[in-house]
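# Structural overview
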Amino acid sequence: MSEPNSERQHFSKNWQQQLAEAFNNIEDLCRYLHLSPDDLPVSIAATKNFPLRVPLSFAACIEKANPHDSLLRQVLPINEELLSYPGFNNDPVGDLASATQTGVLHKYHGRVLLINTGSCAINCRYCFRRNFPYADLQLSKQKEDVAVQYIQDDASISEVILSGGDPLLLSDARLTRLIQQLDSIEHLKRIRIHSRLPIVLPARITSELINTLTESPKQIIMVVHCNHANEISERVITACNSLKNSGIALFNQSVLLKGVNDNAKVLCELSEQLFSHGIIPYYLHLLDKATGTGHFEVSEIEALKLIGQVQVALPGYLVPKLVKEQAGAASKQSIY
Ligand SMILES: *Cc1c(COP(=O)(O)O)cnc(C)c1O
Ligand code: SF4
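Residues numbered from 1 in each chain as written. Chains lettered and ligands numbered in written order. Predicted model: local features only at pLDDT ≥ 70, side-chain atom pairs only at ≥ 80, totals over all residues. Heavy atoms only, no water.

Attention shifts here to the site of ligand 1. Inspection of the region around ligand 1 gives Leu105, Lys107, Tyr108, Arg111, Leu113, Ile161, Arg192, Tyr282, Tyr283, Glu325 and Lys332 as its neighbouring residues. One of the side-chain N or O atoms of arginine 111 is found 2.5 Å from an oxygen atom in ligand 1. Contact distances for ligand 1 include 2.6 Å between an oxygen atom and a side-chain N or O atom of tyrosine 283. The leading source of residues in the shell around ligand 1 is strand β1 (residues 104–108), at three residues. The residue makeup of the shell around ligand 1, split by class, is six nonpolar, no polar and five charged. (Near = heavy atom within 4 Å. Polar contact = N/O pair within 3.5 Å; in protein donor to acceptor, adjacent residues only side chain to side chain. Helix = DSSP H or I, 4+ residues; strand = E, 2+ residues; numbered from the N terminus. Nonpolar A, V, L, I, M, F, W, Y, C, P; charged D, E, K, R; others polar.)

According to the domain assignment, the protein consists of domain 1 (5–82) and domain 2 (96–334). Each of domain 1 and domain 2 has a C-alpha centre, and these two points are 23 Å apart. Each side of the interface is counted separately: domain 1 has 26 residues, and domain 2 has 32 residues. In this assembly, domain 1 and domain 2 are joined by two salt bridges. Ionic pairing is found between glutamate 81 and arginine 130, a salt bridge with its closest N-O pair at 2.8 Å. There are 16 residue pairs in polar contact (both at pLDDT 80 or more) connecting domain 1 and domain 2. Of all the elements in the fold, those that place two or more residues in the side of domain 1 that touches domain 2 are α2 (15–20), α4 (56–59) and α5 (72–75). Partitioning the side of domain 1 that touches domain 2 into residue classes produces 16 nonpolar, six polar and four charged. (Domains from an automatic or database assignment. Contact = heavy atoms within 4.5 Å. Salt bridge = Lys/Arg side-chain N within 4 Å of Asp/Glu carboxyl O.)

Dropping the structure here:
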């Protein structure tokens, strides 16, 4: 199927413009998808603290006129978000609030995570960060310098993880400056980037960005976030190929989500598709129990059953590690 002119025009623009043109309300997204909001359990109230945000590159992967599409479910604000579920609260991981103050999360041995920005290109309805009022938080240059000093002062740190929000929403200039600062820290071996942009806004993977990354003497790792094989469009493949061809190691993390990927066949197809494009399945996370996300929960028992089915169907290297995040723990908790 060929692309309508308006879409071709959109995709010829740079990533900042594509981001500015992302869907930001239910009606526009529904119109584009040939759906009527009246026939869907959509909720305007749910968008109040966490707006709808969907780049066209992701929306174009949603099946038209299918109210149950697995990609649509990840981004459409619905009534169930307003329900409260036992055990779900505003800070399930237990430390994000403090991390947004300092910008540094040092929980695990040898690795620190930098919260570089609070924004994302897409608002995933299942996300734990939906309840944090840090949408526009950005690690200021000053705080960034403090964070770099922190890493400089601790020789046990061998890896820095740029996270967020989405760290690739930083400009190339900001990223270059940060990476150059990290480059000068001798004991640092690796810089890891956790980003959903290669999947939801592949236009972000420019040659300038790749130059910034490959100029670093450190090993560069990119962990993308993809939950369903349908998210892997031709544009995503092109972006991932250019990352891979420039020597960047590519991994994927997914969240196990009811109505999205809680099915062994869907999980197998995801692993197969990822690997065929050079991306290694890394983690399959159990949902963090954040307020507003209860309808996405898959029980631990069900999760174990699913991963068991995946393990029987695929070679070991295509089976992601099933993990959950536990406040206070020294690593992600493997549950398989
Ligand atoms: C998830 C996470 C990491 C990365 O953990 P890996 O198991 O190395 O992928 C590091 N720091 C924090 C605070 C994290 O939440
Ligand atoms: S891209 Fe990641 S951090 Fe951003 S809303 Fe989605 S899941 Fe949350």
